[in-house]
Amino acid sequence: MTSSALICETEPWKDLKVHVDDIKKTHLRELMSDTKRCQSMMVEFDGILLDYSRQCATLDTLNKLKNLAEAAHLKEKINRMFNGERINSTENRSVLHVALRAPRDLIINSDGKNVVPDVWQVLDMIKDFSERVRSGAWVGATGKPLKDVIAIGIGGSFLGPLFVHTALQTDTEAAEFAKGRQLRFLANVDPIDVARNITGLNPETTLVVVVSKTFTTAETMLNARTLREWISAALGPQAVAKHMVAVSTNLTLVEKFGIDPNNAFAFWDWVGGRYSVCSAVGVLPLSLQYGFAVVEKFLKGASSIDQHFHSAPFEKNLPVLLGLLSVWNVSFLGYPARVSMESNGKGVSIDGVPLPYEAGEIDFGEPGTNGQHSFYQLIHQGRVIPCDFIGVVKSQQPVYLKGELVSNHDELMSNFFAQPDALAYGKTPEQLLKENVPEHLITHKTFSGNRPSLSILLPSLNAYNVGQLLAIYEHRVAVEGFVWGINSFDQWGVELGKYILDIYVINLFGSSDPYRVHIAKKSVTGYSSQKATPCIS
């Protein structure tokens, strides 16, 4: 299977390169007038509607992209991932975040062992523990219930759970289960972030979840030691075991830290950090806040998309379509596209061959109409940036004001439908002249249009739908990497800064942390014993 051949050397890639010239001659105004094309570019699955008719693509483009997928052995690579093969070759690991939300009776093997029972053993532990905390059966050192949770983690251990928490905070069902409780996340080592997290909290009613697979992540452990001191100063060192738990596999360091190893929840090497929200990394803090029943719905939503991704034909497969269109926009049309900066921000193939084409994206966005007053000027009249618009049919918090023409949510959704059309059609000088726009403003008010976007419409934004949305974008990232021939599941670009950081810590301040000393020495050796010499005035 492994080959040093690049996808750009295949005939389908070369065919698409030629095809680009035809597409660039055709404006989206013309493409959108083709009813058959537009209807063919709408796909539904499990309540979700994808409309990609406003992409700069024809039905012929989609056929050519399907040929590219076949040349990249996309189906085979998807199967290899689900079969537990070690597709993360640079770290020699399986990639099995799909196992984290698999039904109990499903069989997913890694190294010949079905990992699903192990996953459910941890999920059952989380359910039991979270229910004890939420019911008041588990109390703090002074006998008070633990109603506030701070989850310490960084990267995927922070961003994924925060995403889900943000979405669920205003969901009616989830909010009802969260009454009287708080969930906060601490990632940054800036002491200001620590201060913000503990402001208004009482150590007596606070539970801290420390998320670190090895229990050596520098930023996480510094924050963990800081909150351990906060708890110890108020309640005594013996209180740590009642007020701190861990998501880790290093039980020795967990116990040494002062946490009872029985309160350590495991996850596995085949779980990448940015794919870990469905593991104890996210499920534990979210279950403490909302209850396991709500979080289980989130897992089921993700599992629904997993099965769809694994089995649906490419022309009806939501993550595959998103991934192929992203490859088309980035590598052929030359647009900077949108969730994969850490996964697909690579310059070499999975075999170490430098890429002669662009891979990876720059992602940014805003909720609702906020973007209209920040970066929409750029996407309408500046450089062309493909956009994803994600909308919800039913609002979590509907508001109907007497005398208003439309509800607040209808106003929001009007924007959702209007912006893609504005990007696609633009506004011509001829239209402006008919509107009696002064001649000196014509060029300023002209919109070229022909700016690609796609729309995803969810029925609502409950826990199940949030799980669906997360899995769609996880798998979209994988599709991009599989087609580009890169490893979407390692992150060597993150490591260099960590190594240099540890050199600076040792050189500037010294360290009593043996792990950091070890890493610093290793780093210095790796840099031919160069010593970090920052300029400090």
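Anything mentioned here points back to the structure above.
Everything quoted here is computed from the prediction, not taken from an experiment. (Residues numbered from 1 in each chain as written. Predicted model: local features only at pLDDT ≥ 70, side-chain atom pairs only at ≥ 80, totals over all residues. Heavy atoms only, no water.)

This brings us to the overall build of the protein. Each helix and strand in the protein was counted, giving 23 helices and 11 strands. Counting every position in the protein, which comprises 537 residues, the buried fraction comes to 51%. When the accessible surface of the protein is split by element, carbon and sulfur atoms take 55% of a total near 24700 Å². (Helix = DSSP H or I, 4+ residues; strand = E, 2+ residues; numbered from the N terminus. Buried < 20%, exposed > 50% of the residue type's maximum accessible area, 1.4 Å probe, protein only. Areas by Shrake-Rupley, 256 points an atom, 1.4 Å probe, with all protein chains shown as cover.)

This part takes up the pairing of strand β5 (residues 148–152). β5 sits mainly inside the fold: 5 of its 5 residues count as buried. Taking every second residue as pointing to the same face, both faces of β5 are buried, with D148, I150 and I152 on one and V149 and A151 on the other. Where β5 and strand β7 (residues 206–211) come together, 5 bridges link them in parallel fashion. Bridging from a neighbouring strand, D148 pairs with T206 of β7. (Pairing = 2+ DSSP bridges.)

Let us now look at the pattern of salt bridges. All chains considered together, the criterion is met by 21 salt bridges. Between E11 and K14 there is a salt bridge, and its shortest N-O distance comes to 3.9 Å. Of the two residues, E11 and K14 both sit in helix α1 (residues 11–24), 3 residues apart, roughly one turn of that helix. For K14, a relative accessible area of 41% gives the class partly exposed. Among the salt bridges present, the one from D269 reaches K213, with a minimum N-O distance of 3.9 Å. Taken as a pair, D269 in the loop between β9 (264–265) and α13 (280–290) and K213 in the loop between β7 and α10 (218–235) lie far apart in primary sequence, 56 residues in all. Taking relative accessible area as the criterion, D269 reaches 46% and is therefore assigned partly exposed. On the accessibility criterion, K213 (16% relative accessible area) is buried. Connected through shared salt-bridge partners, D15, D60 and K64 make up one network. (Salt bridge = Lys/Arg side-chain N within 4 Å of Asp/Glu carboxyl O.)

Glancing now at the sheet that holds strand β11 (residues 453–458). Pairing is mixed across the open sheet formed by 4 strands, whose spatial order is β1-β2-β11-β10. For this open sheet the edge positions go to β1 (42–45) and β10 (387–392), each flanked by a neighbour on one side alone. Put simply, the sheet's adjacent strands are angled 15° from each other on average, direction ignored. With 3 bridges joining them, strand β2 (residues 48–51) and β11 adopt antiparallel strand pairing. (Axes fitted to C-alpha atoms, helices over the stretch in contact; angles between N-to-C directions.)

Here the focus is empty space enclosed by the protein. Taken as a whole, the largest cavity encloses approximately 40 Å³ of empty space. Looking at the lining of the largest cavity, the element that brings in the most residues is helix α6 (residues 116–135), giving 3 residues. Among the residues making up the lining of the largest cavity, the classes are represented as 8 nonpolar, 1 polar and no charged. (1 Å grid on protein atoms, 1.4 Å probe; cavity = no way out; pocket = protein on both sides within 12 Å on 5 of 7 lines; lining within 4 Å. Points joined across faces, edges and corners; volume = space filled by probe spheres on them. Nonpolar A, V, L, I, M, F, W, Y, C, P; charged D, E, K, R; others polar.)

All right, on to the packing of helix α7 (residues 156–168) against helix α21 (residues 463–484) then. Where α7 meets α21, the closest approach of the two axes is 10 Å, and the angle between their N-to-C directions is 145°. Note on packing geometry: the crossing formed by α7 with α21 is right-handed. Residues F163, V164, A167 and L168 of α7 form the contact with α21, whose own contacting residues are A463, V466, L469 and L470. Its residues placed into classes, the contact of α7 with α21 shows 8 nonpolar, no polar and no charged. (Left-handed = near helix turned anticlockwise from the far one by under 90°. Contact = heavy atoms within 4.5 Å.)

Moving on to the packing of helix α5 (residues 74–82) against α21. Following both chains from N to C, one finds α5 and α21 inclined at 125°, their axes separated by 10 Å at the closest point. The angle between α5 and α21 places the two elements in the oblique class. The two elements α5 and α21 cross, and the hand of that crossing is right-handed. Where α5 abuts α21, its residues L74, K77, I78 and M81 lie against H475, V479 and F482. Split into classes, the residues belonging to the contact of α5 with α21 amount to 5 nonpolar, 1 polar and 1 charged. (Parallel < 35°, antiparallel > 145°, perpendicular 65-115°, else oblique.)

The strand order across the open sheet built from 5 strands is β6-β5-β7-β8-β9, with neighbouring strands paired in parallel fashion. The sheet is open, and its two edges are formed by β6 (182–186) and β9, each paired on a single side.

Inspection of the secondary structure puts L123 in helix α6. Taking the C-alpha atoms as reference, L123 lies 9.3 Å from E296; in sequence the two are 173 residues apart. Once residues lying within four places of it in the same chain are set aside, the contact partners of L123 are L100, V283, F292 and L299.

Let us look at the pairing of β11. With respect to burial, β11 is a largely interior element, 6 of its 6 residues being buried. Burial of the side chains of β11 extends over both faces: S453, S455 and L457 are buried on one face and L454, I456 and L458 on the other. The sheet contact formed by β10 and β11 spans 6 bridges and is parallel. Each residue of the ladder has a partner; that of I390, found in β11, is I456.

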